[in-house]
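Now for the letters of each chain:
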Amino acid sequence: MGRTINDILAELPAGWARLGLDAEGADPSVGRVLMLDAEDTDAQPDVRAALVCLAGARGRAALPAVQRLVDAGPTALAVKASGDQAPELEELCRAGGVGLLLIAPEAPWDQILSVAKSRLDDAEPQPAAMALLEEDLFALAQTTARVTSSHVVIEDAANRVLAYSTLSNNIDELRKASILTRRGPREYELMLKDLGAYREMHRSRGVVRVPASPDQQLRERAAIAIFAGERIMGYIWLQETGSGFGDDVVYALTGAARRAASELIRYRNQQSVTMHEDRIGRLLSGPAEAAASAKTLGVALDTPSCLLLVGLSRPDALAEDAELVRGQLADLVALHAAAFKGSSIVGQHEGHTAVVVPSLTTRTAAAALRSLAALIVADARRHLGAVAFVAIGRIVPGVTALHGSRAETAAVLDCLVRNGEAQVATIEDVEADVLLHEAIARFASSGFRHRALTDLLLTDVELAETLESYFRASMDVSACANAMQVHRNTVYYRVGKAERLTGLDLGNPAHATIVQLHLGLWHRGDLDGAGSGR
């Protein structure tokens, strides 16, 4: 089954769009997304099975272009319009059986296009994963119902019912209808919007109460939006089944929403991120496995290929919505990789997003890969608000040689994330840093330490920080002084004092190497008195 207008709507941030009109038929699918200019009257593109984003005109000014496009038979149109302009647009689309997404005037077209294409690129739901999601969400609905003595429905962002608690005789007709059709009745959704229920859920991120309406035979409801970062993943609705809601309803709903968010993120990432994990793993595991996998994928074996690894900064990787951002980053990477080379393969590898780019043109590949990496980090910041790093591996003769560049590329990415400065690099850019880090890691397992230097670093923070800054400035006294905002003579004095206390001569390459190894451990917090005689 293909993606629908509601699938795309569910991915858009709250407030960017609303469904003006469903397309005719049994929820017809969207095969592609197009961006067209309303002023371009000469072009006659094929828009069948497409969601057409109409740029260049808003509201009533878009009516002539909407009429032309409706006659061409797209699945749906996306048009920027305010509320009072919607009826005329809906009338034209309804006549042609075309769906309508009403886009907020301030919503950026480029991001809407990116989200829509990303959703179309998602894998079809895997039956096993879908079964696990439903099992988890139904269990959550049942637990929440038990705690709050109510009936529970969990919806996605497009108001489609994902799970509900056990049916009882105490639910109203509206709740029965929403469960039977797997979607809340349209008129009730509109009523809730008129009451401001959705707006308040989005604004407060808290629990919203909807009073009972005896004349419509509707019981009291409480609801909360399911957030992951700034993205709305869905809603949890409670319907009271007896004497109203207890004092614990806010606590229970808040916990349920957080749990539902983690389940929805996990499921979404399984569909859109890990679908190629096995392919990436096979391509990087060794020549024989890579050759078999490449044959299955239709990838040429003997053409220049490259591995890119994409990771998040440490703060982003530890953020509350890290899993969602990681999935969104993988989607973004997949879009850019596909645009760069249609045969690119994107998936997960050891916690990072991996891109295998085959069939490269050697003469221009290096510069082109840097451009691709730069686009990824720029869009990650612009669209996701995240800091991403891209390690570009060596260009190897064919995909069967990629496994040989895997560890090196991972070391480059680790270096980028650790230093937090440059966001794109190859091994040539950071080779010295990678080798020093490797040497420090090996030194950490050694039982030997320079006793006087270890004592100095552990007891005199000022001298330790000066030595670290001195080596970071490539032993340039002026640069070190500027970085530390002290006089040059202060740096001379402190370095000389360190040499006197340790007996080391920093002008001696061997002694300088010893200091750097100890400083590396000190910076990591791993320096101790091992081997120092204490």
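Coordinates for the structure precede this section.
Residues numbered from 1 in each chain as written. Predicted model: local features only at pLDDT ≥ 70, side-chain atom pairs only at ≥ 80, totals over all residues. Heavy atoms only, no water.

*Asks:* Just checking my understanding: could you explain the sheet that holds strand β15 (residues 424-425) for this structure?
*Replies:* Backbone-to-backbone hydrogen bonds pair the strands of a sheet. The strands run either parallel or antiparallel. The five strands are arranged β12-β13-β11-β14-β15 in an open sheet whose pairing can be described as mixed. At either end of the open sheet lies a strand with only one pairing partner, and these are β12 (345-349) and β15. Two elements, strand β14 (residues 388-392) and β15, share two bridges in a ladder whose sense is parallel. Bridge pairing in β15 links V390 to V424. (Pairing = 2+ DSSP bridges. Helix = DSSP H or I, 4+ residues; strand = E, 2+ residues; numbered from the N terminus.)

*Asks:* Before we go on, may I ask you to explain the pattern of salt bridges in this structure?
*Replies:* When the charged atoms of two side chains with opposite charge come close together, those side chains can pair. Counting across every chain of the model gives 15 salt bridges. We note a salt bridge from R203 to E200, for which the minimum N-O separation is 2.6 Å. Within this pair, R203 and its partner E200 are both found in helix α8 (residues 197-204), separated by three residues, close to a single helical turn. Overall, R203 belongs to the exposed group, its relative accessible area being 60%. A salt bridge links D414 to R418; the shortest N-O distance between them is 2.6 Å. In this pair, D414 and R418 are both assigned in helix α15 (residues 403-419), four residues apart and thus about one turn of the helix distant. A single network of salt bridges, built from pairs that share partners, joins R32, D46 and R48. (Salt bridge = Lys/Arg side-chain N within 4 Å of Asp/Glu carboxyl O. Buried < 20%, exposed > 50% of the residue type's maximum accessible area, 1.4 Å probe, protein only.)

*Asks:* For this particular structure, what's the right way to read the sheet that holds strand β9 (residues 221-228)?
*Replies:* Pairing is antiparallel across the open sheet formed by five strands, whose spatial order is β7-β6-β10-β9-β8. Here the strands that pair on one side only, and so sit at the sheet edges, are β7 (161-164) and β8 (208-210). In this sheet, adjacent strand axes meet at a mean angle of 25 degrees when their direction is disregarded. (Axes fitted to C-alpha atoms, helices over the stretch in contact; angles between N-to-C directions.)

*Asks:* Mind showing me how you'd approach unusual backbone geometry here?
*Replies:* What is expected of a backbone is that most residues other than glycine have negative phi and most peptide bonds are trans. The residue A49 is not glycine, and still its phi comes out positive at about 60 degrees. Positionally, A49 belongs in the loop between β2 (32-37) and β3 (50-55). Its identity as a non-glycine residue notwithstanding, R205 has a phi of 60 degrees, on the positive side. Mapped onto the elements of the fold, R205 is located in the loop between α8 and β8.

*Asks:* Got a minute to help me understand the packing of helix α19 (residues 477-484) against helix α20 (residues 488-502) in this structure?
*Replies:* In helix packing, the relevant descriptors are the interaxial angle and the interaxial distance, both defined with respect to the helix axes. At their nearest, the axes of α19 and α20 sit 8 Å apart, and the two run at 105 degrees to each other. With respect to α20, the axis of α19 lies roughly perpendicular. Residues V477, S478, C480, A481 and M484 of α19 pack against R488, V491, Y492 and R494 of α20. (Parallel < 35°, antiparallel > 145°, perpendicular 65-115°, else oblique. Contact = heavy atoms within 4.5 Å.)

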